[in-house]
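An overview of the molecular structure
Now for the letters of each chain:
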Amino acid sequence: MGKKKLVVFGLGQRGGIYAQYAKKYPEEFELVAIIETDANRREKAKVEYPETLIFENYKDFLAQQIHADVVAVATQDADHKEHAIAMMKGGYDLLLEKPISNNKKDCLDIYRASLKYGKKVVVCHVLRYTPFYSTVKRIIESGKLGEIVTINASENVGYYHQAHSFVRGPWRNKKESSPMILAKCCHDMDILRYLMDETCLSVNSQGGLYHFNAANAPEGSTAYCSDCPCTDCIYKAQTIYTSENKKWMAGYFTTKELTEENILADLPKTQYDRCVYRCDNDVVDHEVTILQFENGKTATHTMTAFSNTIYRDLKVHGTKAELVGVVEEGKLEIRYFGGKVEQVPIDLSQANVGGHAGGDFYMMEGLYKTLNGEPAVGVTYLDVSVESHLMSFAAEESRLHKGKTVKIKL
Ligand SMILES: NC(=O)c1ccc[n+]([C@@H]2O[C@H](COP(=O)([O-])OP(=O)(O)OC[C@H]3O[C@@H](n4cnc5c(N)ncnc54)[C@H](O)[C@@H]3O)[C@@H](O)[C@H]2O)c1
């Protein structure tokens, strides 16, 4: 298989993972260009990727007609339409961050542009590539569970991750970014559709913003954590961003090395220092969705901010056995009706770039294979991804109408 030329468009948290992958596996990808508007990130990139061309403006990149096999579009949700279409028009295939876009019309416009320009677009539905879900898919296809009748999945966002991304951060506000069921759960809609292997016909959803609002602000609390007297608040930004397993989130407000000293110096008065009860957030902190599939099959999905850690769990109920697992624990067991319980090991040893329980690593590996014309498990193109996005849009419409049934239609 031949080496492929990669461009990273938006060198943030996600774009950084794709650039790192190329650096670690130079026999697979050559990082030929980076497009990034943030001056600090460009400066850092010059040191880290000295061989790579760096652009501030994507129009300058396009003007140079640089040869590349794929552009990873990893800018924010609301910019995907402009950026994705410009790159396809410029002649490039895409690795496109999810969500495709934050509204149905733009998703369909991107899809139509891919047909018009004849470009391949792989959407970053990282869950499909995780060893966990690919094992689940294999087990379902083996017939061990019998026919799948219903699936129950939950996404536990984690109290601190909710506060960071969906209260203080980029995805806090539906108008500026996306509804939660799209921003956070389009992966889950995609995986439920993938595992069920039936068309989703209709959706009901209920949920809301229960906790992160002014009514729950502790007495005496102030607008910013840095000068707030409530030192025992579990959402105190200084505590969260300096905790060892939560420091990665500080990369959203500092480009310096993530030491406690640097984090505490750069945090005050940024958006991430804000009191979680006094932000301009409107996305939900809990939502329950019911999906009706072809042939009377069903699935439920629960999204909640209220968990101690970030994890997803899954129960697949077949006519012969049930499968139960927690993605992040790499635990999976099959409980045969009236029979034994089989433990299924999950191997994560190779996945050494990115996160998502191995999903980021295996997605890049899959992209490399698919660009070389090799079969790659889980790789999804825009037509399939659009379907799961429509499930998310339908769920949001249902939620806004107190759980009414919304049919899925293109
Ligand atoms: N696949 C997943 O599991 C997953 C997880 C998290 C986020 N995402 C998605 O990935 C995308 C990026 O998220 P992120 O967390 O990396 O955000 P980020 O803010 O860290 O990164 C975005 C980067 O794009 C740059 N940028 C913005 N406008 C630009 C422009 N016009 N030209 C060039 N660069 C520009 C920003 O400066 C920033 O560096 C979002 O759409 C997000 O929803 C996907």
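For clarity, every value in this text was computed on a predicted model and none was experimentally measured. (Residues numbered from 1 in each chain as written. Predicted model: local features only at pLDDT ≥ 70, side-chain atom pairs only at ≥ 80, totals over all residues. Heavy atoms only, no water.)

**Some thoughts on the layout of surface pockets**
- The volume enclosed by the second largest pocket comes to roughly 510 Å³.
- Around the second largest pocket sit 21 residues that line it, and Leu-11, Gly-12, Gln-13, Gly-16 and Lys-44 are the ones nearest its centre.
- Mapped onto the lining of the second largest pocket, the elements with two or more residues apiece are helix 1 (13-24) and helix 2 (39-48).
- Classifying every residue of the lining of the second largest pocket by side-chain character gives 8 nonpolar, 8 polar and 5 charged.
- Two domains each provide a minimum of three residues to the lining of the second largest pocket, namely domain 1 (4-123) and domain 3 (214-273). (1 Å grid on protein atoms, 1.4 Å probe; cavity = no way out; pocket = protein on both sides within 12 Å on 5 of 7 lines; lining within 4 Å. Points joined across faces, edges and corners; volume = space filled by probe spheres on them. Helix = DSSP H or I, 4+ residues; strand = E, 2+ residues; numbered from the N terminus. Nonpolar A, V, L, I, M, F, W, Y, C, P; charged D, E, K, R; others polar. Domains from an automatic or database assignment.)

**Some remarks on the side chain of Thr-135**
- Residue placement: Thr-135 occurs in helix 6 (residues 131-142).
- With sequence-adjacent residues up to four places away left out, Thr-135 is seen in contact with Leu-332, Val-344 and Ile-346. (Contact = heavy atoms within 4.5 Å.)

**Observations concerning the domain arrangement of the protein chain**
- Taken as a whole, the protein chain is organised into domain 1 (4-123), domain 2 (127-212 + 281-407) and domain 3 (214-273).
- Computed from C-alpha coordinates alone, the two centres of domain 2 and domain 3 are separated by 30 Å.
- Taken together, the contacts link 14 residues of domain 2 with 14 residues of domain 3.
- Taking both partners together, domain 2 and domain 3 bury about 1300 Å²; carbon and sulfur atoms supply 60% of that area.
- The largest per-residue losses of area from domain 2 upon contact with domain 3 belong to Tyr-160, His-164 and Arg-168, which jointly make up 53% of the total buried on that side.
- Where domain 2 touches domain 3, the interface holds 0 salt bridges.
- Here domain 2 is connected to domain 3 by 6 residue pairs in polar contact (both at pLDDT 80 or more).
- Split into classes, the residues belonging to the side of domain 2 that touches domain 3 amount to 8 nonpolar, 4 polar and 2 charged. (Buried area = accessible area lost by both parts, 1.4 Å probe. Salt bridge = Lys/Arg side-chain N within 4 Å of Asp/Glu carboxyl O. Polar contact = N/O pair within 3.5 Å; in protein donor to acceptor, adjacent residues only side chain to side chain.)

**Brief notes about the site of the ligand**
- Neighbouring the ligand are 26 residues, the closest being Arg-14, Glu-36, Arg-41, Asp-77 and Tyr-252.
- In the environment of the ligand, an oxygen atom lies 3.3 Å from a nitrogen or oxygen atom belonging to the side chain of Trp-171.
- Between the ligand and the protein, one listed contact pairs an oxygen atom with a side-chain N or O atom of Tyr-252 at 2.5 Å.
- Protein coverage of the free-state accessible area of the ligand, which is 850 Å², stands at 86%.
- When residues of the shell around the ligand are traced back to their parent elements, those giving at least two are helix 1 and helix 4 (80-89). (Near = heavy atom within 4 Å. Areas by Shrake-Rupley, 256 points an atom, 1.4 Å probe, with all protein chains shown as cover.)

**So, empty space enclosed by the protein**
- A complete count under the given rule lists 3 cavities of 30 Å³ or more for this structure.
- Of the voids in this model, the largest cavity is the one considered here, and its volume is about 80 Å³.
- When its residues are assigned to classes, the lining of the largest cavity shows 9 nonpolar, 2 polar and 2 charged.
- Looking at the second largest cavity, its volume works out to about 60 Å³.
- Along its surface, the second largest cavity is lined by Val-70, Asp-93, Leu-94, Lys-120, Val-122, Leu-367, Thr-370, Leu-371 and Tyr-381.
- At 3 residues, helix 12 (residues 359-371) tops the list of elements feeding residues into the lining of the second largest cavity.
- Classifying every residue of the lining of the second largest cavity by side-chain character gives 6 nonpolar, 1 polar and 2 charged.
- Among the domains, domain 1 (4-123) and domain 2 (127-212 + 281-407) are the pair contributing at least three residues each to the lining of the second largest cavity.

**Let's talk about the nonpolar core**
- Membership of the largest hydrophobic core comes to 77 residues, with the highest contact counts inside it found for Met-87 and Leu-314.
- Two domains each provide a minimum of three residues to this core, namely domain 1 (4-123) and domain 2 (127-212 + 281-407).
- Setting aside residues no more than four positions away along its own chain, Met-87 makes contact with Phe-9, Ile-35, Tyr-58, Phe-61, Leu-62, Val-71, Val-73, Tyr-92 and Leu-94.
- Ranked by size, the runner-up nonpolar core spans 29 residues in total, among them Ala-22, Ala-45, Leu-95 and Cys-124. (Core = buried A, V, L, I, M, F, W, Y, C linked by side-chain atoms within 4.5 Å. Buried < 20%, exposed > 50% of the residue type's maximum accessible area, 1.4 Å probe, protein only.)

**Focus: the packing of helix 6 against helix 9 (residues 186-196)**
- Between helix 6 and helix 9, the shortest axis-to-axis distance is 10 Å and the interhelical angle comes to 25°. Classified by the angle their axes make, helix 6 and helix 9 are roughly parallel. When helix 6 is examined against helix 9, the residues Tyr-133, Val-136, Lys-137 and Ile-140 are found in contact with a partner set consisting of Ile-191, Tyr-194 and Leu-195. (Axes fitted to C-alpha atoms, helices over the stretch in contact; angles between N-to-C directions. Parallel < 35°, antiparallel > 145°, perpendicular 65-115°, else oblique.)

**Focus: the state of the cysteines**
- For the structure on display, the rule yields 0 disulfides.
- Among the cysteines around Cys-124, which has no disulfide bond, Cys-186 carries the closest sulfur, lying 10 Å off.
- For Cys-124, a relative accessible area of 1% gives the class buried.
- Left without a disulfide partner, Cys-230 is nearest to the cysteine sulfur of Cys-228, which lies 3.9 Å away.
- Judged by relative accessible area, which is 14%, Cys-230 ranks as buried. (Disulfide = S-S within 2.5 Å.)

**Quick notes on the environment of Ile-151**
- Summarising the element assignment, Ile-151 is placed in strand 7 (residues 148-156).
- The exposure class assigned to Ile-151 is buried, which follows from its relative accessible area of 1%.
- Sequence separation between Ile-151 and Lys-331 is 180 residues, and the spatial gap between their C-alpha atoms is 17 Å.
- Not counting the four nearest positions on each side in its chain, Ile-151 is found in contact with Leu-192, Leu-195, Met-196, Thr-298, Ala-299, Thr-300, Leu-314, Lys-315 and Val-316.

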